[in-house]
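One-letter residues, chain by chain:
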Amino acid sequence: MQGDRVAVLAESSPSVVVALLGHHRLGVVHVPVNPRYRAAEVRHILRDSGAAAVLYQPGSEGADILDALESEGALAAVRRIALDADAPVPAAGSASGASSTSYVRLLASSPLEDSSRAPLDEDTAVLVYTSGTTGTSKGVALSTRAIVENVESLTHLWRFGSRDVLALALPLFHVHGLFLGILGALLHGMKTLLFERFDAVRIVEAFASEGASVFMGVPTMYVKLLEAMAARPEAAAALGRGRLFTSGSAPLPADDFHAFEAATGHRILERYGMTETLFTLSNPYDGERRPGTVGQPVPGCAVRVVDDAGQDAPNGELGELVVQSNGLMTRYWGRPDDTAASFRDGWFMTGDMAHQSPDGHVTIAGRKAVDFIKSGGFKISTREVEDVLRRHSRVADVAVFGAPDRVFGERVAVAVVMRPAVGPRPDDATLLAELYAFAARSLTEYKLPREIVVLDELPRNALGKVQKHLLRPR
Ligand code: MLC
Ligand code: AMP
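Residues numbered from 1 in each chain as written. Chains lettered and ligands numbered in written order. Predicted model: local features only at pLDDT ≥ 70, side-chain atom pairs only at ≥ 80, totals over all residues. Heavy atoms only, no water.

Participant: What should I look at first to understand the site of ligand 2 in this one?
Facilitator: Around ligand 2 lies a shell of 15 residues, among which E270, R271, T275, D352 and K374 are the nearest. Between P251 and ligand 2, the recorded distance is 3.5 Å, taken from a backbone N or O atom to a nitrogen atom. Burial of ligand 2 by the protein chains amounts to 93% of its free accessible area of 500 Å². Ranked by the residues each element gives to the shell around ligand 2, the list is headed by strand β13 (residues 269-274), at five residues. For the shell around ligand 2, the per-class residue count stands at five nonpolar, four polar and six charged. (Near = heavy atom within 4 Å. Polar contact = N/O pair within 3.5 Å; in protein donor to acceptor, adjacent residues only side chain to side chain. Areas by Shrake-Rupley, 256 points an atom, 1.4 Å probe, with all protein chains shown as cover. Helix = DSSP H or I, 4+ residues; strand = E, 2+ residues; numbered from the N terminus. Nonpolar A, V, L, I, M, F, W, Y, C, P; charged D, E, K, R; others polar.)

Participant: I would appreciate a short explanation of the packing of helix α8 (residues 219-231) against helix α10 (residues 254-264) in the present structure.
Facilitator: Two numbers describe a pair of packed helices, the interaxial angle and the distance between the axes. At a closest axis distance of 10 Å, the pairing of α8 and α10 adopts a crossing angle of 40°. When the axis of α8 is compared with that of α10, the two are oblique. Where α8 crosses over α10, the two elements pack in a sense that is left-handed. Contacts from Y222, V223, L225, L226 and M229 of α8 reach α10 at D256, A259, F260, A263 and T264. (Axes fitted to C-alpha atoms, helices over the stretch in contact; angles between N-to-C directions. Parallel < 35°, antiparallel > 145°, perpendicular 65-115°, else oblique. Left-handed = near helix turned anticlockwise from the far one by under 90°. Contact = heavy atoms within 4.5 Å.)

Participant: Just to check I follow, could you spell out the pattern of salt bridges for this structure?
Facilitator: Here the idea is simple: oppositely charged side chains can pair when their charged atoms come close. The final tally for this structure, using the stated rule, is 32 salt bridges. R80 is the salt-bridge partner of D67, the closest N and O atoms lying 3.0 Å from each other. Within this pair, whereas D67 is found in helix α3 (residues 61-71), its partner R80 is found in strand β4 (residues 79-82), the two being separated by 13 residues in sequence. Using a relative accessible area of 4% as the deciding quantity, one classes R80 as buried. Ionic pairing is found between D256 and R406, a salt bridge with its closest N-O pair at 3.0 Å. Of the two residues, D256 sits in helix α10 while R406 sits in the loop between β24 (395-405) and β25 (409-418), which places them 150 residues apart along the sequence. The exposure class of R406 is exposed, given its relative accessible area of 54%. Here the salt bridges do not stand alone but share partners, grouping E41, E384 and K447 into one network. (Salt bridge = Lys/Arg side-chain N within 4 Å of Asp/Glu carboxyl O. Buried < 20%, exposed > 50% of the residue type's maximum accessible area, 1.4 Å probe, protein only.)

Participant: In this structure, what is going on with the sheet that holds strand β26 (residues 451-454)? I would like to understand it.
Facilitator: The strands that make up a sheet pair up through hydrogen bonds in the backbone, lying either parallel or antiparallel. Spatial ordering of the open sheet is given by β24-β25-β26, a layout of three strands whose pairing is mixed. For this open sheet the edge positions go to β24 and β26, each flanked by a neighbour on one side alone. Pairs of neighbouring strands in the sheet enclose a mean axial angle of 25°, with direction left out of account. Where β24 and β25 come together, ten bridges link them in antiparallel fashion. Within β25, the residue paired with P404 across the bridge is E410. (Pairing = 2+ DSSP bridges.)

Participant: I keep staring at the packing of aromatic side chains and nothing clicks. Help me out?
Facilitator: In this description, an aromatic ring pair is defined by two values, namely the gap between the centres and the angle between the planes. Evaluation of the coordinates by the stated rule reveals ten aromatic pairs. Centre to centre, the rings of F198 and F215 are 6.4 Å apart; their planes meet at 45°, and the pair counts as tilted. Here F198, found in the loop between β10 (191-194) and α7 (200-209), pairs with F215, found in strand β11 (residues 214-217); they are 17 residues apart in sequence, far enough to count as distant. Between Y222 and F260, the ring centres sit 5.2 Å apart and the planes meet at 90°, which makes this aromatic pair edge-to-face. On the criterion of sequence distance, the pair formed by Y222 in helix α8 and F260 in helix α10 is long-range, its members being 38 residues apart. Members of the aromatic cluster, each reached through a chain of ring pairs, are F198, F207, F215, Y222, F245 and F260. Sitting above the plane of the Y56 ring, R80 keeps its charged end 4.9 Å from the centroid. (Phe/Tyr/Trp six-rings, centres within 6.5 Å; stacked < 30°, edge-to-face > 60°. Lys NZ or Arg CZ within 6 Å of the ring centre and 35° of its normal.)

Participant: Whenever I open this one, helix α12 (residues 382-389) confuses me. Can you help?
Facilitator: Every α-helical turn comprises 3.6 residues, leaving residues that sit three or four positions apart pointing alike. When you tally the buried positions in α12, you get six out of eight residues, the bulk of the element. Taken residue by residue, α12 has T382, E384, V385, E386, V388 and L389 as its buried positions. Where the residues of α12 are buried, they touch α2 (39-49), β22 (372-375), β23 (378-381), β24, β25 and α13 (428-439).

Participant: Could you clarify how one ought to interpret the sheet that holds strand β12 (residues 244-247) in this entry?
Facilitator: Here we have seven strands laid out as an open sheet, ordered β10-β9-β11-β12-β13-β14-β15, and mixed in their pairing. Strands at the two margins of the open sheet, each flanked by one partner only, are β10 and β15 (296-297). As paired elements, β11 and β12 share four bridges and run parallel to each other. For G217, the partnering residue across the bridge sits in β12 and is S247.

As structure tokens, then:
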């Protein structure tokens, strides 16, 4: 039914693309979910979005998660639908099939119901869950118009065309892979080589022998491509034959920009974006691609750097980046207060600190607060990880923050105050392993703690707020 939310808990595959387009055609809201999420993470999204159905791949980890949720009664109102070629479409609340029509075929062929209208451009097309400051993730409602206009603006700037071949290894449950990748290519009639997961050697092969010409990645992928080129010098020549390499979702270190250029001759085109606003800043295609900067506003977007009072900061001075965007979300799903609180004077407050050069190039310089970590391009709410670790019997107090990481940009670090030990106190490595295993029951892999510091107490300011910037140097 139009407006219903359908969650998609699946590894990247052509069926996911057909589901996206089919949902759009019928006016169903597509809700992508990381197929490696744990039960608690999936349960939250199904509940929060009020999903009417969930698509999954039989035999996958996601199918096991759904079994677990089913057995605790969490799927009573959610239809489970198998997303592969000839799998049956089950009736509500049952895991067995009622009909043998595949879901993707159904989406492609079913006529629009008489009572339904064609979806409107301003209708919510996709609900993307992104980490929130409150601990659980928030649904970002994006309209068809916002998605198409914004992706068209940016891909036009990047000269996407039907002769391009995109090598796409980004996940299809975030805006980078799903919109810029899948829709960007579709809008220009580009062929896409879709990979279930990123593997640097496979990407090189795609450029060497499968005609790939465009690659879009997060910085971690470029670190891994650089490693692949160090191991096999012919890989650099293969990538050198490409037309365009872009980076986004996290800061691309200038050293990696220069190393990639030295190896392949390509200056990686870095851009900036956010689930709530889509893609708002980009280095130019023809002009100077400046390492360490995210460039200038994408057509249809505007940015300002402002001080705490909301006034424009002078050129070169640090302030919060606020944006207007043709790709702006409609709202946070079911959270009017959070939606209202994220705007000031009609500008969306990104929480990113930035400065701007006199010619308008923006440089991102970190977050305003240690509220999120970006690891491998994935956003992690420090609060979400803290809430889980606080439930561990040895933990009296905990603070989560980002530690610098060569490959992932940042990795999850924890500062822990232990409860008075009952029995011998474990060493730090043992404690970390215990916390990792404990957190792994409810959090997916990239959110798990990789580093630990044990303290007698956490550094707090007069108001009792943990001063996380003091933890990082430790
Ligand atoms: C994995 N590992 C990590 C880790 N992730 N260690 C620390 N921090 C992390 N975040 C460890 C694993 O435990 C494993 O260890 C080893 O690294 C390899 O794991 P992997 O799963 O094989 O890693 P890999 O597949 O290479 O993952 C890297 C990646 C992935 C870059 C492919 O992170 C990724 O797909 N990122 C894309 C995220 C994305 O699309 N973001 C866009 C959000 S939208 P061991 O010991 O087992 O070897 C957005 C807006 C915008 O941000 O502007 O785009
Ligand atoms: P997400 O909420 O997952 O969409 O992530 C959005 C966040 O990713 C932004 O607020 C930034 O902190 C970060 N980000 C995206 N692109 C870049 C970039 N090119 N450089 C630095 N940070 C980036």
